Amino acid sequence: MSTSTIDPKVVESKVKSIIADQLGVGEDEIKPESSFIEDLGADSLDIVELVMAMEEEFEVEIPDEEAENIKTVGDAINYINTHKK
Amino acid sequence: MPFAASAERNVTNRRVVVTGTGMISALGTGTEKNWQAMLAGKSGIGLVTRFDPGKIDARIAGEVKDFVPEEFIDRREVRRMDLFAQYAMAAADMAVKESGIPIGLDTPNGYAPEKVGVIVGSGIGGISSLEEQHRKGLEKGFDRLSPFFIIQMIVNMAPGLISMRYNCKGPNWAPVSACATSAHAIGEAWKSIRLGETDAAIAGGAEASITPLGLGGFAVMKALSTRNDDPAGSSRPFDKERDGFVMGEGAGIIILEEMEAAKKRGANILAELVGYGANSDAYHVTQPAPEGEGAARCMRLALQTAGMRPEDVGYINAHGTSTEFNDANETKAIKTVFGDHARKLAVSSTKSMTGHMLGAAGGAEAVVSVQVLTRNVLPPTINQTTPDPTCDLDYVPNHARDAKVDAVMSNSFGFGGTNAVLLFKRFK
């Protein structure tokens, strides 16, 4: 299945679901402006795991130097929307 | 010859008491559940359900069945911990709650965090995480491992996590000495308090190694019982029909405090830990030294540190693994140390009910030893049907027995020839 047909809304909902599952937070707490570290309580290991989970879910590659710039939920969604194949 | 206690005592004589216990085993989660099951002589052993043992000839184990980690640990943290660390956290939580130990100088009679140690070990550590991540590496590549893998696997994450929860800033480490692990943990915590390095400690061990590698590994050594058609009868220490140990799992953790501090804060003191012996057989990787020579020396060391005589001990919670070698040699060692008194004291192996909890065994059996002193009942050795002439002591066969004893010895001997013995006394 090609990911190019994924609706941005679907991306957002899947990203939120991954975050909710891995960080143990309610999906209603996850907003595009939420910072992984400051708002959602993630640490550096959580972020590595989140990046890997998103790479696998959306079949994208997120290089370390790009991952460093992903600070908020919105950053992650934007990255996936612009880089998905 | 029976050992005569030395009149000399160690220079540092701070006394150490037990104020809380936490235990998880195949018999249940919580000290009370375990104790009630033991009084009923219940076996926690069943067929392995967690995975398909395939061609492994031992298909039985004492799996923990009722553990809900989220009752003790934040859901998000649970994902980051191996099962052994979850057991450790939960048992520590139960022990801390029972003791009511105040940590922090801002609480009345609180201990300085820097003077509270956590010594909690595991025989094997996060082996299920290791197996899972190795499988993932082979399938997806070793660049796709979980970033939590190492912290799940390493043994000292158990005391590390416990220290973070309770703000214990004293010594923090994890002994790894096979089946003697958690007896060593408790003994070393005792030493630390006795010497003044710490004033209180959380000590014990946890194990969760009923996995394909764990079960398969012990099975190919021919160490395990293969009585698959009779799981409840499979762990039968000292019985002639015994055919190996049965893997168990869980945790046993106790709270130790310096006696004067515990009294000052009005703690409910359950027992005193008065002696500890640690030594080595220097003989063989798995077999005990002939006649249980190392075990006997270790029991004597425990008596010596306590300044007690063999006649003072009323009950021994035996290592009693249900293997041919251990049970016969441990019996010989007890006779060597206790002489005529060996016929008068009671000995039982609660592994007959929990299975062998490996690195958690000494901690769990310390919890049991404390219950013996506070409740005046001896737990039985179940599955005693066929007497073995080489095992001819009073093993409290099949039924719990009311008895008031003043001192309890707990034996733990591990692969590698390592031994640890703890000695508990009724608190007066």
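Residues numbered from 1 in each chain as written. Chains lettered and ligands numbered in written order. Predicted model: local features only at pLDDT ≥ 70, side-chain atom pairs only at ≥ 80, totals over all residues. Heavy atoms only, no water.

Quick word on the overall build of chain A
Consideration 1: In terms of regular secondary structure, chain A is built from 4 helices and 0 strands.
Consideration 2: Against the compact-globule benchmark of 12 Å for 85 residues, chain A has a radius of gyration of 12 Å, which places it among compact chains.
Consideration 3: Among the 85 residues that make up chain A, the fraction classed as buried is 46%.
Consideration 4: By element, 49% of the accessible surface of chain A is carried by carbon and sulfur atoms, the whole surface being about 4700 Å². (Helix = DSSP H or I, 4+ residues; strand = E, 2+ residues; numbered from the N terminus. Rg over C-alpha atoms; globule rule 2.2 N^0.38 Å. Buried < 20%, exposed > 50% of the residue type's maximum accessible area, 1.4 Å probe, protein only. Areas by Shrake-Rupley, 256 points an atom, 1.4 Å probe, with all protein chains shown as cover.)

Some thoughts on the pattern of salt bridges
Consideration 1: Within the structure shown, the criterion is met by 32 salt bridges over all chains.
Consideration 2: Between Asp327 of chain B and Arg242 of chain B there is a salt bridge, with its nearest N and O atoms 3.5 Å apart. With a gap of 85 residues between them, Asp327 of chain B in helix H11 (residues 324–338) and Arg242 of chain B in the loop between helix H8 (212–220) and strand S8 (250–258) connect regions that are remote in the sequence.
Consideration 3: Residues participating in the shared-partner salt-bridge network are Asp43 and Asp46 of chain A together with Arg76 and Arg80 of chain B. (Salt bridge = Lys/Arg side-chain N within 4 Å of Asp/Glu carboxyl O.)

Regarding the domain arrangement of chain B
Residue and element names in this part refer to chain B.
Consideration 1: Here chain B is described as being made up of domain 1 (17–264) and domain 2 (277–425).
Consideration 2: Domain 1 and domain 2 are separated by 20 Å when their C-alpha centres are compared.
Consideration 3: On the domain 2 side, the residues contacting the 65 residues of domain 1 number 62 residues.
Consideration 4: Carbon and sulfur atoms make up 67% of the surface buried where domain 1 meets domain 2, a total of about 4500 Å² over both sides.
Consideration 5: Counting across the interface, domain 1 meets domain 2 through 4 salt bridges.
Consideration 6: Of the charged contacts, one joins Glu32 and Arg375 as a salt bridge, the two residues approaching to 2.8 Å between their closest N and O atoms.
Consideration 7: One can count 25 residue pairs in polar contact (both at pLDDT 80 or more) joining domain 1 with domain 2.
Consideration 8: For the side of domain 1 that touches domain 2, the secondary structure elements donating two or more residues are strand S1 (16–25), helix H1 (31–39), helix H7 (181–194), strand S7 (200–207) and S8.
Consideration 9: Looking at side-chain class alone, the side of domain 1 that touches domain 2 contains 29 nonpolar, 25 polar and 11 charged residues. (Domains from an automatic or database assignment. Contact = heavy atoms within 4.5 Å. Buried area = accessible area lost by both parts, 1.4 Å probe. Polar contact = N/O pair within 3.5 Å; in protein donor to acceptor, adjacent residues only side chain to side chain. Nonpolar A, V, L, I, M, F, W, Y, C, P; charged D, E, K, R; others polar.)

Topic: the environment of Lys136 of chain B
Residue and element names in this part refer to chain B.
Consideration 1: For Lys136, the position within the fold is in helix H4 (residues 127–140).
Consideration 2: We classify Lys136 as partly exposed; its relative accessible area is 23%.
Consideration 3: Along the chain, Lys136 and Ser146 lie 10 residues apart, while their C-alpha atoms are 8.9 Å from each other.
Consideration 4: Once residues lying within four places of it in the same chain are set aside, the contact partners of Lys136 are Gly141, Arg144, Leu145 and Ser146.

As for the packing of H7 of chain B against helix H13 (residues 361–375) of chain B
Residue and element names in this part refer to chain B.
Consideration 1: For the pair H7 and H13, interaxial distance at closest approach is 5 Å and the crossing angle is 65°. Contact with H7, carried on its side by Ser182, Ala183 and Ile186, involves Ala361, Gly362, Gly363 and Ala366 of H13 and no other residues of that element.
Consideration 2: Class assignment of the residues belonging to the contact of H7 with H13 gives a composition of 4 nonpolar, 3 polar and no charged. (Axes fitted to C-alpha atoms, helices over the stretch in contact; angles between N-to-C directions.)

What to know about unusual backbone geometry
Residues and elements named next belong to chain B.
Consideration 1: Phi angles above zero are rare outside glycine, and Ala282 is one such case at about 50°.
Consideration 2: Take Ala282: it is sitting in the loop between strand S9 (271–280) and helix H10 (293–306).
Consideration 3: The backbone phi angle of Asn376 is positive, close to 60°, even though this residue is not glycine.
Consideration 4: For Asn376, a relative accessible area of 25% translates into the label partly exposed.

What to know about the packing of aromatic side chains
All names here are of chain B.
Consideration 1: In total, this model carries 6 aromatic pairs over all chains according to the counting rule given.
Consideration 2: Note on Phe67 and Tyr87: the rings are 5.0 Å apart at their centroids and 65° apart in plane angle, and the pair reads as edge-to-face. Of this pair, Phe67 sits in the loop between strand S4 (60–61) and helix H2 (75–79) while Tyr87 sits in helix H3 (residues 83–99), and the two are 20 residues apart along the sequence. Each of the two residues, Phe67 as well as Tyr87, counts as buried.
Consideration 3: Note on Phe218 and Phe415: the rings are 6.1 Å apart at their centroids and 55° apart in plane angle, and the pair reads as tilted. Of this pair, Phe218 sits in helix H8 while Phe415 sits in the loop between strand S14 (407–414) and strand S15 (418–425), and the two are 197 residues apart along the sequence.
Consideration 4: When its relative accessible area of 11% is taken as the criterion, Phe218 is described as buried.
Consideration 5: Ring pairing ties together the aromatic residues Phe67, Phe72 and Tyr87, which thus form one cluster. (Phe/Tyr/Trp six-rings, centres within 6.5 Å; stacked < 30°, edge-to-face > 60°.)

A few points about a nonpolar patch on the surface
Residues and elements named next belong to chain B.
Consideration 1: A surface patch of nonpolar side chains, amounting to about 280 Å² of accessible area, comprises Val220, Met221 and Phe415.
Consideration 2: In this structure, Met221 sits in the loop between H8 and S8.
Consideration 3: Accessibility expressed as a relative area gives 41% for Met221, which makes it partly exposed. (Patch = residues over 30% accessible without salt bridge, like charges linked within 9 Å, V, L, I, M, F, W, Y side chains within 5 Å.)

Details of the side chain of Ser225 of chain B
Consideration 1: One can find Ser225 of chain B in the loop between H8 and S8.
Consideration 2: Polar side-chain contacts of Ser225 of chain B include one of 2.7 Å to the side chain of Asp243 of chain B.

Looking at helix H6 (residues 157–166) of chain B
Residues and elements named next belong to chain B.
Consideration 1: Among the 10 residues that make up H6, 8 are buried, leaving the element largely enclosed by the rest of the structure.
Consideration 2: Listing the buried residues of H6 in full gives Met157, Ala158, Pro159, Gly160, Leu161, Ile162, Ser163 and Tyr166.
Consideration 3: Those residues of H6 hidden inside the fold are in contact with H3, strand S5 (116–121), helix H5 (149–153), strand S6 (172–173), S7 and S8.
Consideration 4: Following H6 by one or two positions, Asn167 has its phi on the positive side, about 60°.

Looking at the environment of Lys332 of chain B
All names here are of chain B.
Consideration 1: Looking at the element boundaries, Lys332 is found in helix H11.
Consideration 2: Judged by relative accessible area, which is 33%, Lys332 ranks as partly exposed.
Consideration 3: Between the C-alpha atoms of Lys332 and Gly292, which are 40 residues apart in sequence, the distance is 6.2 Å.

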